[in-house]
Protein chains: 8
Amino acid sequence: MPAMENKDNISHVQFDHARKERLGMPEAVFCEGKDSTILCALLREFSRSTGKSILFTRLKPEIFYAFPKEIQQGVNYHELSRTAFAFALEPHKSGKKVAVVSAGSADAQTAWEAARTLEYLGVRHTMFEDCGVAGLWRIQKALPAIREHDIVIAAAGLDGALISVLGGLIRQPLLAVPTSVGYGMAKQGESALTSMLISCAPGISVFNIDNGFGAACAAVRILNMFC
Amino acid sequence: MPAMENKDNISHVQFDHARKERLGMPEAVFCEGKDSTILCALLREFSRSTGKSILFTRLKPEIFYAFPKEIQQGVNYHELSRTAFAFALEPHKSGKKVAVVSAGSADAQTAWEAARTLEYLGVRHTMFEDCGVAGLWRIQKALPAIREHDIVIAAAGLDGALISVLGGLIRQPLLAVPTSVGYGMAKQGESALTSMLISCAPGISVFNIDNGFGAACAAVRILNMFC
Amino acid sequence: MPAMENKDNISHVQFDHARKERLGMPEAVFCEGKDSTILCALLREFSRSTGKSILFTRLKPEIFYAFPKEIQQGVNYHELSRTAFAFALEPHKSGKKVAVVSAGSADAQTAWEAARTLEYLGVRHTMFEDCGVAGLWRIQKALPAIREHDIVIAAAGLDGALISVLGGLIRQPLLAVPTSVGYGMAKQGESALTSMLISCAPGISVFNIDNGFGAACAAVRILNMFC
Amino acid sequence: MPAMENKDNISHVQFDHARKERLGMPEAVFCEGKDSTILCALLREFSRSTGKSILFTRLKPEIFYAFPKEIQQGVNYHELSRTAFAFALEPHKSGKKVAVVSAGSADAQTAWEAARTLEYLGVRHTMFEDCGVAGLWRIQKALPAIREHDIVIAAAGLDGALISVLGGLIRQPLLAVPTSVGYGMAKQGESALTSMLISCAPGISVFNIDNGFGAACAAVRILNMFC
Amino acid sequence: MPAMENKDNISHVQFDHARKERLGMPEAVFCEGKDSTILCALLREFSRSTGKSILFTRLKPEIFYAFPKEIQQGVNYHELSRTAFAFALEPHKSGKKVAVVSAGSADAQTAWEAARTLEYLGVRHTMFEDCGVAGLWRIQKALPAIREHDIVIAAAGLDGALISVLGGLIRQPLLAVPTSVGYGMAKQGESALTSMLISCAPGISVFNIDNGFGAACAAVRILNMFC
Amino acid sequence: MPAMENKDNISHVQFDHARKERLGMPEAVFCEGKDSTILCALLREFSRSTGKSILFTRLKPEIFYAFPKEIQQGVNYHELSRTAFAFALEPHKSGKKVAVVSAGSADAQTAWEAARTLEYLGVRHTMFEDCGVAGLWRIQKALPAIREHDIVIAAAGLDGALISVLGGLIRQPLLAVPTSVGYGMAKQGESALTSMLISCAPGISVFNIDNGFGAACAAVRILNMFC
Amino acid sequence: MPAMENKDNISHVQFDHARKERLGMPEAVFCEGKDSTILCALLREFSRSTGKSILFTRLKPEIFYAFPKEIQQGVNYHELSRTAFAFALEPHKSGKKVAVVSAGSADAQTAWEAARTLEYLGVRHTMFEDCGVAGLWRIQKALPAIREHDIVIAAAGLDGALISVLGGLIRQPLLAVPTSVGYGMAKQGESALTSMLISCAPGISVFNIDNGFGAACAAVRILNMFC
Amino acid sequence: MPAMENKDNISHVQFDHARKERLGMPEAVFCEGKDSTILCALLREFSRSTGKSILFTRLKPEIFYAFPKEIQQGVNYHELSRTAFAFALEPHKSGKKVAVVSAGSADAQTAWEAARTLEYLGVRHTMFEDCGVAGLWRIQKALPAIREHDIVIAAAGLDGALISVLGGLIRQPLLAVPTSVGYGMAKQGESALTSMLISCAPGISVFNIDNGFGAACAAVRILNMFC
């Protein structure tokens, strides 16, 4: 614990490298609001050339693409989900599969944040997009394929009605992520969040607004039971 | 306009008897919070013996059943919906039919307030109860019968997901009433209300929490187009 | 349902082309927050040259005017309402007329979104602007002309008092849209919304804040009854 | 300032008897939540027999009528407004008149609290009840009489639309009191309050929910200008 | 789907008996707000004498103990958790164990609702009470035993700090239930809920306030993976 | 009432020129959110050269200073308050004086909006700045001079404590304007607003957040009593 | 850690008896919402006859006075503050004095909860009641005596203006407790709380609504520095 | 008190230079939202060359670095905390030490605002960063060093769980500052704030969101007891 008295210092992160062993989950860097210089240094440290990997979330394209080319080339960046990592971890030993379902195209960013976290963690997964229930045939068409997965992560904004419908149709763990889609009374995702918390379909797990990363971590906590 | 200066008086209601002609809707008395003595006097005035009828809403059983027997016998009281009237108006000239759909048994009070208002106004209607989407087969089973109606009023609490599903399945006017069902983040119906306002199914009309009366009046505004 | 496992893809929209038949309403693209490249591709696909038409809402001028000229020329863009379409649908068979009323000049964007949606859907309509009740003579002057219409859509911000006054003066269906006008306790339209939901004028249908599109769709649900 | 160290004492009120001289307003006792024994002692102290008068507000009937008969007879109690005082002060020297207007019968309690406060303070006033704008003819009928007054206090719940309409029709000071009438999104008067604060009619003074007493005091601050 | 036109009927529940097969979870009756007569009939129907079992939640002691003795004797009632059932289902085939952890004695009702739901569903579980982190030694003392379980359900009110601490110490699925404990800014559990949603410990599943039943159902969804 | 059917038009303002006669207050243009082109046209119409005057509020410097020089020279613009007018109206006949008091330097914009509105309306007034009660000596020093005025307008942000202190020290009408000063729990002025509404000093009139214009109009309503 | 599997048990409290040594503060029992039987058992355990003492807070008179007489006689109960203990701890070694100041008589319950907690902890203190700033002379009169104390705890509801005024007049630690006094926009103390948090007087410590106990504990944390 | 009638003036600050003597705290300038020209003038006035010092808070880098070089050189600016002063005051006579603890790297800005305020006031202090409880070992490792300090200031965002854990481990005064870190339900720090207010660890003082300055001032109020 470095203590410093009455003098300036550069704020630095204490990495929790034991987290992988303790929780079965690696450390991640939440980039939003972090200084560009610090992010650049971290990307350099956790890159293909150093052979160390870590997950970066909420890394905006305008920040990433302003970095030097060799930094950019050192990591696998995915623009839509705003995630980056040098290389994925080894395939997860559970061998289980996760379905990632989204209600509308505007929910893609969150759904892909979940998918990319799973990819980084070596978990097999499939993406099912645009399954919102305003056109009920969409989710019904995708249902047989979804049911072949072991866990379902679903991202939805607005009224979040997809969650209740899905919750009544599948027996799998259902991890629901509200998204900050919409305007007016959508209230940046609060309405979707409360809808999911009070869904009458039983046993639905809920996460913070736009928190695809969290849902993927919860999936891994479940998959850890098989290792 | 009776004006009184510096002296006490008994607060009285100015009935808007011209409302029926102006709006095609009769005056109604919202009983909640009103003094029991005043309600008793009004029930006596608008009863079978006087031949005058008016709609009473939110009239609690414990208040109604404490009135003298002849007052009780003078009106048609419906306990679940908490409504009363001496006799229904003449059948509405439009001849159209309204479906009243509810998500769960806890939404019955609001759904029946809508149904009873329609009954009072002489509008044909059918009740479809317990159609919540946590068990999707319920609404699917009821759908063909619902589609034979001209307007649909739907009452739902919690996440209000029934509204979005229904809104994507029917072409009729859909009048959605959130109910104050649930606990915790249900927030006395606020979550259901916002869900309905931001539903991705297009063209859904929304009303105040538990306001079955209002939805029935909106249905009558539509039916007035056929007279 | 295209499923993809552990790999990147371009998020794409599943158009619900059956919606027109199922609901009597065409598909629309809500442009806010969507990627400029995707919007450009969609405008190209649904343009005069392709002979396909679809409604675009919330399409900001700064985005639209940055598109190539031939894209711009391929659609009918209306700046104030931020809507675009290649060409309007055939005149609606109902032959009915809708009045669109706004309270103040700041409510124009929402009122015109409703008007343009009606135009796209081939519904006859008239615009009545600046009818706010702080100067009561305005609405009183417009009233005779408004009453000649079959349905009334009204957009108002701030206290939304126009809605209650109008609701007590007309028998027609009244579809009320709160707008995000004002500052301080106007709370981006929430105060107008709650005012409309609890209006003492009976039977008023309410929509999400600034949702002129939704009110127009609700009008079409009603007009569908005449086809 | 009586100070006591480490021992129990009976909480007592420090009356601000200089308030009448300093502010032109007498001390008042807000009874809600106060202990019944203390209220009884205060009523005894400020009664006809002692010749001292003070205003009691929010004094519930069930509490007042449980007091000994001689206490009840010592004061002038008004049940609807829940106010009491031994005798009114001398007629206010300004000689001006205040109109007290209410929107619906449910706003009567607040309107009468204002009226009774004026009565206690010796201010001439007239009550105009049931002037809500859902039936616009009501306020229009009362308007000529209202305009003969110098100040207008108006109490309204729900959407508070009466205030905007009235504010656009009169030149007088308009003191607006929201009331906790209604259910659902009425939110115990918060919606009425915000509606009044953002009314587009200019120069409307707003008070706390149900605070008829406060509006009457504000009227007296104005009338003090004439003494 | 029984449809009834323009006449009164007794609201009844459509039981979703296929839910057990479809979701691996039985139907439950949420008793709060339900009519006492209906509850009594349901308890009679699902009792030891009929050999049918169902889970009743939120069944208040004052209601239960007012039922006839033979009704009371027909079910297994647990006062603290307010749950009842005739008999538990067969032991769950997964053979896994769930730890139920509570922060303070005031969280017991919710924790026991989860435990009793597990009991009804035949799931092995252990209760760990009073593990709040204000005295950190409590949770540290219980930790080794908790870690021997496969899934952890934790109920906490106030600041919900137990969840973040626990989330950083265990690899198991952590199902967090906020409780409506506390006063002032505890806001009936909303503060605990938001704390859990934004916990910096990754992968925590959150449920509605006081919803012990929901967390137990989510545990069963996970355990279904082992059958 | 110009009605237009199915065609585009330029949104225009219906000026309420009778307002001066009806309410004793002139029309004003709230510039925030209005199109720059429209504002420019209005400034040209109401300028020294045309001899017509109107009040413009919330006119940002960056917008005003981008207008052509001759437009700028045609009006009297005040940057801090963001107000403009061609020339002030004739001195108000009442001859009364208004004190405008502000708590801190951050409240200046609102206080000066009130002062400039008074100036436009020809009302005599004095500005008292930086009188916040964290240093109680400030308000005490200014008090004798404030008391020589007939009406007091006070603008304060944060806790708004100045209002309660002032309300207990003066007999004059006190018109309180909360300001959107501060961060965190200041909530853009909502906390100041609620503090003023529930102040224990009696008879305080409250206005919308930052609404200096409204308070000045309310002052004029009072001064109209002297004409 | 008593673990129990699949069976009922009586929920019991794990007392944190080491807290006195660790934090310098004894364990306390928050009685609100706790079962009457459990409270009775605890009062018996911590009473004069057993020679063990603990602090009970929020113990309502109607509950306390329903206990057997010998239980009542075993503790020192203070009705206004709703606190009880068998006997106070030894005088605090710091020898410092705390002033407890309240704004109005309605804040007495909270102020006395603080005072009684100090009494239990053996801390010298003085009560200053009814010092609200609507009559500024009250606090000015008490100020010299308050300044002779080392720490100031102040309880205020409504606008909490006393805190800002006091914070600008004294150098001592100022521990501010908002109270749930008032109606309407007082919002059960939330407005007072936010006022205190954003007070422009610097360095004010704030506690939960009505939490007199917490403020007294914070005072003890400070006094611990002198031991 | 400079009074000006009906004419423009430059808003200026009334410095409260007596504050140092009255409260033991110097005046500070909160720069956010203040005009750049005024800030520049103030920095020139309170600089090394003039020998006068004052604390500037919330002074953004982009504003500071745009000032003339000689202005920049005249003060000690600290970018992360956004604070500036010409030179620190003399060492505080108490000789006591304050620990400043932060939960995560995102809380650094607030923690350093507290530290820099202490530095300006001449108070000895140590910074302990990145002690969040998701990895409990961090705070446990730092604990022995923290305990050697007299007062603890702790800044935390998100769920603020660090505060409850720390509050149960130390006897010192604990001054807790919520930070506006996070997204979704973090609500710009409101969730952290409420968590701290309702922490079950007793006697925790809470400050406005991001208000490191306020916590440092509260520490000085405590340290004043030793002078």
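The structure this text deals with has already been given above.
Attention shifts here to the overall build of chain A. A tally of regular secondary structure across chain A gives 9 helices and 10 strands. Scaling as 2.2 N^0.38, a compact globule of 227 residues should have a C-alpha radius of gyration of about 17 Å, and chain A matches this with 19 Å. Going through the 227 residues of chain A one by one, you find that 67% of them count as buried. Considering only contacts in chain A between residues 6 or more positions apart, those separated by 24 or more positions represent 67%. Of the roughly 7,500 Å² of accessible surface on chain A, a fraction of 52% belongs to carbon and sulfur atoms.

With that settled, consider the environment of Ala-86 of chain A. Residue and element names in this part refer to chain A. By secondary structure assignment, the location of Ala-86 is in the loop between strand 5 (83-85) and strand 6 (97-102). Looking at Ala-86, the relative accessible area reads 3%, which means it is buried. Each C-alpha atom, one on Ala-86 and one on Lys-141, is 36 Å from the other, the two residues being 55 residues apart in sequence.

Residues and elements named next belong to chain B. For strand 6 (residues 97-102), the tally of buried residues reaches 6 of 6 residues, placing the bulk of the element in the interior. Burial of the side chains of strand 6 extends over both faces: Lys-97, Ala-99 and Val-101 are buried on one face and Val-98, Val-100 and Ser-102 on the other. For strand 6 and strand 7 (residues 124-128), the ladder comprises 5 bridges, and the chain directions are parallel. Following the sheet pairing, Val-98 is matched in strand 7 by His-125. In terms of handedness, the path from strand 6 via helix 5 (residues 108-120) over to strand 7 forms a crossover that is right-handed. Across 5 bridges, the pairing between strand 6 and strand 8 (residues 151-156) is parallel. Its bridge partner lying in strand 8, Val-100 is registered against Ile-153.

On to the pairing of strand 8 (residues 151-156) of chain A, then. Consecutive side chains of a regular strand alternate in pointing toward one face of the sheet and then the other. All names here are of chain A. The element strand 8 is largely enclosed, with a buried count of 6 among its 6 residues. In this sheet, strand 9 (residues 174-178) lies alongside strand 8 in parallel orientation, the contact comprising 5 bridges. Among the inter-strand pairings, Ala-155 is bridged to a residue of strand 9, identified as Val-177. Read as a crossover between parallel neighbours, the route from strand 8 over helix 7 (residues 161-167) to strand 9 is right-handed.

Here we come to the relation of the copies chain E and chain A. It takes a turn of 180° to lay chain E on chain A, together with a shift of 0.0 Å along the axis; the resulting RMSD is 0.0 Å. The transformation just described matches what one would write down for a two-fold rotation axis. Interface overlap between copies: 100% of the residues of chain E at the interface are likewise at the interface in chain A, consistent with a symmetric, same-surface contact.

The next subject is the packing of aromatic side chains. One pass over the full model with this rule turns up 44 aromatic pairs over all chains. Seen from their ring centres, Phe-30 of chain B and Tyr-183 of chain D are 5.4 Å apart, and the 10° between their planes marks the pair as stacked. In this pair, Phe-30 of chain B is assigned in strand 2 (residues 28-30) and Tyr-183 of chain D in the loop between strand 9 (174-178) and helix 8 (190-197), connecting two distinct chains. For Tyr-183 of chain D, a relative accessible area of 17% corresponds to the buried category. Relative to Tyr-77 of chain E, the ring of Tyr-65 of chain E has its centre 5.7 Å away and its plane inclined at 90°; by these criteria the two rings are edge-to-face. Linking Tyr-65 of chain E in the loop between helix 3 (61-64) and helix 4 (69-73) with Tyr-77 of chain E in strand 4 (residues 76-78), this pair joins segments that are 12 residues apart in sequence. Accessibility expressed as a relative area gives 43% for Tyr-65 of chain E, which makes it partly exposed. Each member of the aromatic cluster is reached from another via a ring pair, and the members are Phe-64, Tyr-65 and Tyr-77 of chain A. Geometry around Phe-226 of chain B places Lys-96 of chain B over its ring, the cationic atom sitting 4.6 Å from the centre.

The partner chain A presents 39 residues to the 39 residues of chain E that form the contact. For the pair chain E and chain A, the summed buried area comes to about 3,000 Å², and 57% of that belongs to carbon and sulfur atoms. Of all residues in chain E, Arg-171, Arg-221 and Met-225 of chain E give up the largest surface area on contact with chain A, accounting jointly for 27% of the area buried on that side. Where chain E touches chain A, the interface holds 0 salt bridges.

Time to look at the arrangement of the chains. At no point do chain B and chain H touch; the closest pair of C-alpha atoms across them sits 13 Å apart. For the non-touching pair chain C and chain H, the nearest C-alpha separation works out to 16 Å.

Cut-off values and rules
- Residues numbered from 1 in each chain as written.
- Chains lettered and ligands numbered in written order.
- Predicted model: local features only at pLDDT ≥ 70, side-chain atom pairs only at ≥ 80, totals over all residues.
- Heavy atoms only, no water.
- Helix = DSSP H or I, 4+ residues; strand = E, 2+ residues; numbered from the N terminus.
- Rg over C-alpha atoms; globule rule 2.2 N^0.38 Å.
- Buried < 20%, exposed > 50% of the residue type's maximum accessible area, 1.4 Å probe, protein only.
- Contact = heavy atoms within 4.5 Å.
- Areas by Shrake-Rupley, 256 points an atom, 1.4 Å probe, with all protein chains shown as cover.
- Pairing = 2+ DSSP bridges.
- Right-handed = clockwise from strand over helix to strand, strands pointing away.
- Least-squares fit on C-alpha atoms with pLDDT ≥ 70 in both.
- Phe/Tyr/Trp six-rings, centres within 6.5 Å; stacked < 30°, edge-to-face > 60°.
- Lys NZ or Arg CZ within 6 Å of the ring centre and 35° of its normal.
- Buried area = accessible area lost by both parts, 1.4 Å probe.
- Salt bridge = Lys/Arg side-chain N within 4 Å of Asp/Glu carboxyl O.

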